[in-house]
Amino acid sequence: MVKEVKVKSILNKHKKRDEWFLDDYSVNPYYGCTFNCIYCYIKGSKYGSAELAAKINAPEILDKQLRHRAKKKEYGIIALSSSTEPYMHVERELELTRMILQKILKYRFPVEIATKSKLVLRDLDILEKIDSAAILPADLAQRLGRGVIVSFSISTLDEKLAKIVEPGTPSPKNRLKTMLKCKQGGFLVGVNYIPVLPFLSDSEENLDEMIRTAKDYGADYVLIGSLTLFGDKANDCKTLYYKFLEEHFPELVSEYKSLFRNSFAPPKRYQTKLAEMSKRLCRKYGIKSRIA
Ligand code: SF4
C-alpha cells in the first residue's frame with residue numbers, strides 16, 4: 001500500500017527557464033521513486049525523501065494553481081517530473097500523472113515528460129491533445145511550435161550495466177522501443193543521456209554508439225550530461241555509487257576520486273570535452289544536441 005499525502009502546492013515555478021529542458025514549471029506527482037537508480041540524488045540527504053508517497057490531492061491543487069497562472073497568461077512548459085518518475089508501477093493503479101495531464105490540457109499548458117517507462121504510451125491520447133492545444137510562451141512558439149516533448153533517460157546502452165545501476169527500470173532497449181512508438185505517434189522525442197557514467201559510458205566510442213542508436217530509434221534530439229554525486233550518508237547517491245564501484249569496478253575507484261576530487265561533479269575540462277564531443281557526434285549523425 002503506497003503512503004498517501006496531501007500537499008498545499010504542486011506547481012513549482014522556476015526562477016528562470018531551464019536551458020536544457022525549456023521548462024518554466026515542474027510538477028512531481030510523487031515523493032521518491034521505486035526505480036532506484038544508484039546515481040539518483042532524490043533519495044539522499046541533499047534533496048529528497050527515501051520513502052515513496054503519492055501526492056493524492058495533486059490534481060485538485062494543480063487545477064487551482066493552473067487556473068490562476070492561465071488567467072494571468074503565465075504560460076510555460078511544465079516538466080513532469082523533475083524529481084520523481086511520473087510512470088512508476090504505482091501510477092498504473094493511481095493514475096495521478098494521467099489526472100495531472102488532464103489538468104494541463106484543460107488550461108492549455110505545454111509539457112515536457114521525462115521518463116524511463118513504457119507506461120507513458122497509455123497517455124498518448126491526452127498528450128496528442130496537449131500537443132496541438134497548448135499555448136507556448138511567445139519566444140518558444142516559433143522555436144518549438146508544439147506543446148509536448150517526450151524525453152527518455154538512459155545512462156548506458158550496456159544492458160548488463162544498466163541492470164546494476166538502474167535496477168528497477170525497463171531496459172535501455174525497451175526505453176528506445178517506447179520512444180520509437182511515441183515518434184511514430186507523431187511526437188517530438190529525444191534521449192537524455194544523463195548521466196553518462198565516467199569510464200563506463202562516456203568514451204567517444206560509447207557516445208558515438210549512443211547517438212547513432214538514438215537516431216535509429218527516431219530521436220529528434222540527444223542531450224548529454226555528466227554524473228553528479230552528492231552526500232556521505234548511507235542513502236546518498238555518492239555512497240551508493242562508490243559501493244557499486246567497489247563491488248563491480250574496483251579498479252575505477254581511484255579514477256573517480258581523482259576526477260571528482262572534493263566536488264559533486266567532474267571538473268570543467270571534463271564537462272567541456274563531453275559537450276564538444278556530443279555536439280560533434282550529433283552533427284555527424286544529423287541529430288539536434290538541443291531540444292529547440
Ligand atoms: S527513474 Fe529518475 S527519479 Fe527514479 S530513481 Fe531513476 S533517476 Fe531517480
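Structural notes, computed from the coordinates.

What counts and how
- Residues numbered from 1 in each chain as written.
- Predicted model: local features only at pLDDT ≥ 70, side-chain atom pairs only at ≥ 80, totals over all residues.
- Heavy atoms only, no water.
- Helix = DSSP H or I, 4+ residues; strand = E, 2+ residues; numbered from the N terminus.
- Buried < 20%, exposed > 50% of the residue type's maximum accessible area, 1.4 Å probe, protein only.
- Contact = heavy atoms within 4.5 Å.
- Areas by Shrake-Rupley, 256 points an atom, 1.4 Å probe, with all protein chains shown as cover.
- Lys, Arg positive; Asp, Glu negative; His and termini not counted.
- Charge placed at Lys NZ, Arg CZ, Asp CG, Glu CD.
- Core = buried A, V, L, I, M, F, W, Y, C linked by side-chain atoms within 4.5 Å.
- Pairing = 2+ DSSP bridges.
- Axes fitted to C-alpha atoms, helices over the stretch in contact; angles between N-to-C directions.
- Near = heavy atom within 4 Å.
- 1 Å grid on protein atoms, 1.4 Å probe; cavity = no way out; pocket = protein on both sides within 12 Å on 5 of 7 lines; lining within 4 Å.
- Sits in = over half its atoms within 2 Å of the grid points.
- Nonpolar A, V, L, I, M, F, W, Y, C, P; charged D, E, K, R; others polar.
- Points joined across faces, edges and corners; volume = space filled by probe spheres on them.
- Salt bridge = Lys/Arg side-chain N within 4 Å of Asp/Glu carboxyl O.

A word on the overall build of the protein chain
Scanning the protein chain from terminus to terminus reveals eleven helices and ten strands. Each of the 292 residues in the protein chain was classed as buried or not, and the buried ones make up 54%. Considering only residue pairs separated by 6 or more positions, the protein chain has 77% of its internal contacts joining residues 24 or more positions apart. Counting only carbon and sulfur atoms, one obtains 50% of the accessible surface of the protein chain, whose full area is about 14000 Å². Charge-centre separation for the protein chain: the mean point of 50 positive side chains lies 5 Å from the mean point of 36 negative side chains.

What about the nonpolar core?
Residues Leu101, Ile104, Leu127, Tyr193, Tyr241 and Tyr256 are the most contacted members of the largest nonpolar core, which totals 86 residues. Examining the composition of this core, we find that six residues originate from one element, helix H11 (residues 268–285), more than from any other. In contact with Tyr241, not counting residues within four places along its chain, are Ile38, Tyr39, Leu197, Leu200, Leu227, Leu229 and Tyr256. Core analysis: the second largest hydrophobic core is formed by eleven residues, Phe21, Ile77, Leu136 and Leu144 among them.

Concerning the environment of Phe199
Secondary-structure assignment places Phe199 in the loop between strand E9 (188–196) and helix H8 (204–216). Not counting residues within four places of it along the chain, the set of residues in contact with Phe199 comprises Leu252, Glu255, Tyr256 and Leu259.

A closer look at the sheet that holds strand E7 (residues 111–115)
Spatially, E2-E3-E6-E7-E8-E9-E10 is the arrangement adopted by the seven strands of the open sheet, whose pairing is mixed. Both outer strands of the open sheet, strand E2 (11–13) and strand E10 (221–226), are each paired with one neighbouring strand and no more. Neighbouring strand axes in the sheet, compared pairwise and without regard to direction, differ in orientation by 25 degrees on average. The sheet contact formed by E2 and strand E3 (residues 23–27) spans three bridges and is antiparallel. Paired with Leu11 across the two strands is Val27, which belongs to E3. Contacting E3, strand E6 (77–80) and E7, helix H3 (residues 96–106) crosses the sheet at an angle of about 180 degrees to E6.

Description of the site of the ligand
Close contacts around the ligand come from Cys33, Phe35, Asn36, Cys37, Cys40, Ile42, Thr84, Glu85 and Lys116, and that covers them all. Structurally, the ligand is housed in the largest pocket. Grouping the constituent residues of the shell around the ligand by class yields five nonpolar, two polar and two charged.

What to know about the sheet that holds strand E4 (residues 30–31)
With mixed pairing, three strands are arranged side by side in an open sheet as E1-E5-E4. Strands at the two margins of the open sheet, each flanked by one partner only, are strand E1 (3–5) and E4. For E1 and strand E5 (residues 53–55), the ladder comprises three bridges, and the chain directions are parallel. Bridged to Lys3 within E5 is Ala53.

Comments concerning the layout of surface pockets
In this structure, the largest pocket spans a volume of roughly 1400 Å³. Contributing to the lining of the largest pocket are 41 residues, with Phe21, Tyr41, Ser82, Ser83 and Ile194 lying nearest its centre. Mapped by element, the contributors of at least two residues to the lining of the largest pocket are E7, E9 and E10. A class-by-class count of the residues in the lining of the largest pocket yields 20 nonpolar, twelve polar and nine charged. By volume, the second largest pocket is sized at about 330 Å³. For the second largest pocket, the lining is made up of 15 residues, of which Trp20, Ile224, Gln271, Ala275 and Arg290 are closest to its centre.

Looking at the pattern of salt bridges
According to the stated counting rule, one finds 20 salt bridges in the structure shown. A salt bridge links Arg17 to Asp24, with the shortest nitrogen-to-oxygen separation between them at 3.3 Å. By relative accessible area, Arg17 is classed as partly exposed at 23%. We note a salt bridge from Arg122 to Glu91, for which the minimum N-O separation is 2.6 Å. Note that Arg122 is positioned in the loop between E7 and helix H4 (124–133) and Glu91 in helix H2 (residues 89–94), a separation of 31 residues in sequence. Assessed through its relative accessible area of 25%, Arg122 is described here as partly exposed. Judged by relative accessible area, which is 0%, Glu91 ranks as buried.

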